[in-house]
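Coordinate inspection notes
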Amino acid sequence: MAKSCKVFSTLLAIFAVLAIVAGVSADPVENEGQKVVAEEQKLEQEFVWTLDYTNYSDIISQHKMIVVEFYAPWCGYCQQLAPKYEEAASVLSSHDPPVILAKMDTTVPENAELARNYTHNGVPSIKIFRNGGKTVHDYKGTRETDGIISYLKKHAGPASLEIKSKEDAASLIDEKKIVVVGIFPELCLEKIMNFTVLAEDLRVDYDFVHTLDAKFLPRGGPVDKPTIRLFKPFDELYADFEDFQVEAMQNFIEETSVPIMAILDDKPENQAFVNHFLHSPGDKVFLFLNFTTDLDHFKSKYYDLAASYKGKEANFLLGDAETGKRALEYFGLNTDQVPLIFVLAMDGTKYVQRHVQPDSLAAWLKDFKDGKLKPYLKSQPIPEVNNEPVKVVVAETLEDMVFNSGKDVLLEFYRLGCKYCEEFAPVLDEIALSFENDADVLIAKIDGTENDIPRERFEVQGFPTLYMISTAGSLSRFEGNRTKEAVIEFIQTNRDTPAPSDFAKSDLTVSEHAQTDSMKDEL
C-alpha cells in the first residue's frame, strides 16, 4: 500500500471526510458582518430573495449554497417561471437545511454587468452558487414546481451517497442513468478526498456513490485497490478506472459517458446522453432520419461507422428528424432534406450532405477528414432589393459588403423579437440617414440568429451588438449608450476615411446641439 494511504477499521472515517469536504449547508458561513446579517433578516421575509448590485457579492460570498434566477420582467418564460419558482422557494425554505432561492433583474443597468457571465444563453438563467460563489453550476432540472423542489433537495445533500448493501445499490444506482462509484477496499485519504472533490464538481451532471466493497454492485468483479467504476446503460455497460487524480478522473468520465452512437428521440432518458455528446470534445457527427421509414436502413451501418472512429476525436449522434426539428432549423436546415449527415468540426466549421444514402456515409466522412469538403454556411437568402438606408447583410455577403467593401462599416447584430433591438431600430435608421451622403461609410445590420457569425472576429453575447469595421480591417466594439449622438461619435472616432466637410458642419455637431438644448431646458 502507498505511504499516503491509511486503512481505517470502520466506515466512520470515510463518512467524516465526505461530510467535511462535501457537506453543503444553506446557513451563512461564520463571522458574518453585521451589514450582511441585517440584509438577510430583511430578505428572509420573502421566500425568493431579491439580489441587486448593492447586496449581490455580500450575500453570495456568505453562503455555502444559494440558487439565483437571472430574469427580465418582460420575458414571457420568466413570467411563467415566477409563480413556480416562488412556490418552490416556499417549500425549500422549510427544508433541513433550508435551500435559499434568489433572483436578480438583469434589466437594471447596474445589475447587467454582474449578470452578464450567467446569461449567455438568455433568460431565465438559473445558477447554483456554492462555497461563497467559488463554484457555479447550471441548474439542469425542470421548470415545474415539483421538479425544482426535488432537484434542489438532491443537490442540497451530500455529493456522494454511501452503499452498504445490495439493497442500497439497487436503490441508488439507476439503470437508466450514468452513475459513478468510488470503491474503497482500502481507505486512502488522498484518493477519498480527490473523489469527493470530483463528486462535488460534477454532481450536476452525474450521480455519485461510494462503497467499501464491490460485491454490493450490480456489475463488475471484486477489486483490491481503490477504483472508479462507471455504470452506464449503453455500450459495455460499465468501465473501471484506477487513477484518482482529479483531472484524470474527469477525463475518464467525460470520455466514457459519451455513447458510441447517441440517440436523439422522444425518450427522456436519452436526453442526458445527448447532452454528454453535445459537450464532448472532438468533431460532432449528426445523422438525421425519419425514424419511421429510414431507421432500419441506416442504423447498423451508422453504428459500425461510429465504432470505427472511436478514440479518433469524433462523436456520433443518430437523430429523429421530427424530434430534432429545432436543431435542424438552428443550423439553417429542415426535415425535407433528410436523410442528412451534418458535421460540426472542432474549429466550428460545418459540413452537410442532404439526402444521403447508407452506403455513402463512410466515403463522405472520409472526405471530411481528408479536408476535401466545402464548409457549409448558415445564411439567410441574399436580398433581391437592398436599398434602405440601413443595408441588410447576410452570412454569404458578409465578406463582400463588410470586409472587402472599401468602406468604414457600422454593423449591428440583432435578433428578431428582441425588445432592445426594436427600440434601437429607429435610432439606427436616423444614423444611416446622417451618413447617406458619405460614400465612405456604410450602416448595416445582420440577423445574428439566422446567419453564421465568425466568432473569431466578433464577440456577440447579446443583442443588439454594434461593431465598427474600418477600411483597414480593424474592429471596434461599441460599449456606450445607444443614442444617435454617441454612435455617430463612435463612427467618426474609429473610421479610417476622413469625414466630409459638409458632414462636420451638420451631424458631427449634433451632440453640441443636444447640449445647447439641454442648457435651454435648464434655464
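Please refer to the structure higher up on the page.
What comes next concerns the included structure. (Residues numbered from 1 in each chain as written. Predicted model: local features only at pLDDT ≥ 70, side-chain atom pairs only at ≥ 80, totals over all residues. Heavy atoms only, no water.)

In spatial order, the strands read β11-β13-β12-β14-β15; together these 5 strands make up an open sheet with mixed pairing. Strand pairing shows two members of the sheet lacking a second neighbour, β11 (262-264) and β15 (350-354), which therefore form its edges. Pairs of neighbouring strands in the sheet enclose a mean axial angle of 15 degrees, with direction left out of account. By the bridge criterion, 3 bridges tie β11 to strand β13 (residues 314-320) in an arrangement that is parallel. Bridge pairing links Ile 263 to Leu 318 in β13. (Pairing = 2+ DSSP bridges. Helix = DSSP H or I, 4+ residues; strand = E, 2+ residues; numbered from the N terminus. Axes fitted to C-alpha atoms, helices over the stretch in contact; angles between N-to-C directions.)

As a further point, take the packing of aromatic side chains. In this structure the tally under the stated criterion is 27 aromatic pairs. Ring centres of Phe 342 and Tyr 376 lie 6.4 Å apart, and the angle between their planes is 80 degrees; this geometry places the pair in the edge-to-face category. With a gap of 34 residues between them, Phe 342 in strand β14 (residues 340-344) and Tyr 376 in the loop between α13 (361-369) and β16 (391-392) connect regions that are remote in the sequence. Between Phe 413 and Tyr 467, the ring centres sit 6.2 Å apart and the planes meet at 90 degrees, which makes this aromatic pair edge-to-face. On the criterion of sequence distance, the pair formed by Phe 413 in strand β17 (residues 408-414) and Tyr 467 in strand β19 (residues 465-469) is long-range, its members being 54 residues apart. Taken individually, Phe 413 and Tyr 467 each receive the classification buried, so the pair is uniform in this respect. Taken together, the ring pairs connect Phe 277, Phe 286, Phe 288, Tyr 330, Phe 331, Phe 342 and Tyr 376 into an aromatic cluster. (Phe/Tyr/Trp six-rings, centres within 6.5 Å; stacked < 30°, edge-to-face > 60°. Buried < 20%, exposed > 50% of the residue type's maximum accessible area, 1.4 Å probe, protein only.)

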